[in-house]
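Each chain, letter by letter, is given below.
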Amino acid sequence: MIAVTPGLTLIILLAGIVAGAFGATLGLGGGIFLVPFLNLVLGLPITVAAAISLTTVIATSSSVSAARAGQRLINLRLGMSLEVATAAGSLAGGITAQLLSEDTIRRLFAVMMAIIAILMLRTLNQRVTIAGTAVDPGLLGGQFDDPQSGGVVTYRVKRFPLALLASFVAGNVSSLLGLGGGVIKVPVLNAWCGIPLRAAAATSAFMIGVTATAGAIIYYGNGQLVPALAAAAVLGVQAGSWLGLRIGERASNKALKLVMATVMIVVAVIMAVRGRA
Amino acid sequence: MIGHVAQDAKLERIIRRILQIGVATSSVFLAIGLAWSFASPAATVGSLLMTIGLMILMATPVTRVAASVVEYAVERDWLFVALTSLVLLEIIAGVIAALVFHRRL
């Protein structure tokens, strides 16, 4: 049983603010920073850390999507189709989390964190390029106004089964590790399924709320969601994302990505080698 | 395609409202609950409020899926009624799994 003290709650509130701010600035969720902190620094079991993180993921997804809805960036039909796969993956992940050992989950987290860090380094100089084509969007495609090119971007979804597979894996990772899973879906949707990056990111963020809920419910049912700690984390991350979106405009994204990727690789190594004391 | 876009614009407005209300209400419950638990850690009121806040938070995405089922049914778009219903069933399966595993039923 975890002793919930006002001190611990306060630390988690502050950690949430920091994680949310970095997450929003880098376009990642706060979970990738929050889970290692809760587990390594505060010594909470990884399942408890993941459960807390998932509640923050639901809150972030909901508020981000509420703000974006109406800009046509979120592809509702695609999102709702792929949610069938993310929710299934999330259920499987939540159940798997109950069966795997603390060390195994922590190592999986370390691997995931290293992958995210490497992806971040690879996209260091990336520019968002959108091919403005006039295609029939088909059943699942979409269109949105692109302020950068000043035109309307129309796209068609390619390789739908691959998108479903990536969504299932993302759902799995999400509930097992307490992350959103966008880092898996977005590159696949963008690189292989023909979905422009902004639409892929918005649609992924929209789906994440349902994905995280499917996982959080299992942790909640198993008594692994500590209300006071989750409340502190949710409020912290909400405040942090708000701050991050305002500060992020001014901060140098490239330098920040470089620093954070380095930190993440170091943390990943610590997580991988550290056994349960 | 025009039909699709118009339908989705309406659903998008409904979803936006659900998400806004869900996040705002849950944040209020969580904030008051947390403040209450700081003020009097022994009282169960704070803990109860925070639990309600988390319930509302988790119910928010579920509600928008349920609203999508209804909206697609109104539009007679049966493929999407089926897909969104499936998502809803998966979430319900999660609730049942969690309850059954821990004999809370």
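Below is a short write-up of the structure.

About the criteria used
- Residues numbered from 1 in each chain as written.
- Chains lettered and ligands numbered in written order.
- Predicted model: local features only at pLDDT ≥ 70, side-chain atom pairs only at ≥ 80, totals over all residues.
- Heavy atoms only, no water.
- Helix = DSSP H or I, 4+ residues; strand = E, 2+ residues; numbered from the N terminus.
- Buried < 20%, exposed > 50% of the residue type's maximum accessible area, 1.4 Å probe, protein only.
- Contact = heavy atoms within 4.5 Å.
- Areas by Shrake-Rupley, 256 points an atom, 1.4 Å probe, with all protein chains shown as cover.
- Polar contact = N/O pair within 3.5 Å; in protein donor to acceptor, adjacent residues only side chain to side chain.
- Buried area = accessible area lost by both parts, 1.4 Å probe.
- Salt bridge = Lys/Arg side-chain N within 4 Å of Asp/Glu carboxyl O.
- Axes fitted to C-alpha atoms, helices over the stretch in contact; angles between N-to-C directions.
- Parallel < 35°, antiparallel > 145°, perpendicular 65-115°, else oblique.
- Left-handed = near helix turned anticlockwise from the far one by under 90°.
- Nonpolar A, V, L, I, M, F, W, Y, C, P; charged D, E, K, R; others polar.
- Phe/Tyr/Trp six-rings, centres within 6.5 Å; stacked < 30°, edge-to-face > 60°.
- Lys NZ or Arg CZ within 6 Å of the ring centre and 35° of its normal.
- Patch = residues over 30% accessible without salt bridge, like charges linked within 9 Å, V, L, I, M, F, W, Y side chains within 5 Å.
- 1 Å grid on protein atoms, 1.4 Å probe; cavity = no way out; pocket = protein on both sides within 12 Å on 5 of 7 lines; lining within 4 Å.
- Points joined across faces, edges and corners; volume = space filled by probe spheres on them.

Quick notes on the overall build of chain B
Scanning chain B from N- to C-terminus turns up 3 helices and 0 strands. Secondary structure elements of chain B occur, N-terminal to C-terminal, as α-α-α. A buried classification covers 41% of the 105 residues belonging to chain B. Expressed as a percentage of contacts within chain B between residues at least 6 apart in sequence, the contacts between residues at least 24 apart total 50%. When the accessible surface of chain B is summed, it comes to about 5,600 Å², and 73% of that surface belongs to carbon and sulfur atoms.

Observations concerning the side chain of Ser65(A)
If you trace the backbone, Ser65(A) turns up in helix H3 (residues 46-68). Using a relative accessible area of 3% as the deciding quantity, one classes Ser65(A) as buried. Looking at Ser65(A), its side chain comes within polar contact range of the main-chain oxygen of Ser61(A), at 2.8 Å. With sequence-adjacent residues up to four places away left out, Ser65(A) is seen in contact with Ile74(A), Ala205(A), Phe206(A) and Leu19(B).

Quick word on the interface of chain B and chain A
Between chain B and chain A, the residue contacts involve 47 residues of the former and 53 residues of the latter. Of the roughly 4,200 Å² buried between chain B and chain A on both sides combined, carbon and sulfur atoms contribute 76%. Taking the shortest distance from any N to any O, the salt bridge between Asp77(B) and Arg77(A) comes out at 2.9 Å. For the pair chain B and chain A, the number of links is 5 residue pairs in polar contact (both at pLDDT 80 or more). Among the elements that take part in the side of chain B that touches chain A, helix H1 (residues 2-39) of chain B stands out by supplying 16 residues, more than any other.

Focus: the packing of helix H8 (residues 197-221) of chain A against helix H2 (residues 45-74) of chain B
The geometry of H8(A) relative to H2(B) is characterised by a closest axis approach of 9 Å and an angle of 135° between their N-to-C directions. Classified by the angle between their axes, H8(A) and H2(B) sit oblique to one another. Our pair here, H8(A) against H2(B), has a crossing hand that is left-handed. Across the interface between the two elements, Phe206(A), Met207(A), Gly209(A), Val210(A), Thr213(A), Ala216(A), Ile217(A) and Tyr220(A) from H8(A) touch Thr51(B), Met55(B), Met58(B), Pro61(B), Val62(B), Arg64(B) and Val65(B) from H2(B). A per-class count over the contact of H8(A) with H2(B) returns 11 nonpolar, 3 polar and 1 charged.

Let's talk about unusual backbone geometry
Residue and element names in this part refer to chain A. For arginine 72, which is not glycine, the phi dihedral falls at a positive 65°. Inspection of the secondary structure assignment puts arginine 72 in the loop between H3 and helix H4 (76-99). One non-glycine residue, arginine 159, adopts positive backbone phi at about 45°. Among the structural elements, arginine 159 can be located in the loop between strand E2 (151-155) and helix H6 (160-177).

Looking at the packing of aromatic side chains
Evaluation of the coordinates by the stated rule reveals 3 aromatic pairs over all chains. Taking the ring centre of Phe80(B) as reference, the NZ or CZ of Arg77(A) above it sits at 4.8 Å. When the ring centre of Phe206(A) is taken as reference, the NZ or CZ atom of Arg64(B) above it lies at 3.8 Å.

Section: a nonpolar patch on the surface
Residues and elements named next belong to chain A. Together, Ile118, Leu121, Leu258, Ile265, Val269 and Val273 give the surface a local cluster of nonpolar side chains, amounting to about 510 Å² of exposed area. Those elements giving two or more residues to the nonpolar patch turn out to be helix H5 (102-122) and helix H10 (253-273). Considering every element that reaches the nonpolar patch, the biggest residue donor is H10, with 4 residues.

Structural notes on empty space enclosed by the protein
To find the voids left in a structure, one rolls a probe of water-molecule size over its atoms. Enumeration over the complete set of coordinates arrives at 1 cavity of 30 Å³ or more. By volume, the largest cavity is sized at about 30 Å³. For the largest cavity, the full set of lining residues is Ser61(A), Ser62(A), Ser65(A), Phe206(A), Gly209(A), Val210(A), Leu19(B), Pro61(B) and Arg64(B). Listed by contribution, the elements that provide at least two residues to the lining of the largest cavity are H3 and H8 of chain A together with H2 of chain B. Split by residue class, the lining of the largest cavity holds 4 nonpolar, 4 polar and 1 charged.

Regarding the pattern of salt bridges
For the structure shown, the criterion picks out 5 salt bridges over all chains. Of the charged contacts in the structure, one is a salt bridge between Glu71(B) and Lys10(B), with a shortest N-O distance of 3.4 Å. Of this pair, Glu71(B) sits in helix H2 while Lys10(B) sits in helix H1, and the two are 61 residues apart along the sequence. The structure contains a network of salt bridges with shared partners spanning Glu102(A), Asp103(A) and Arg106(A).

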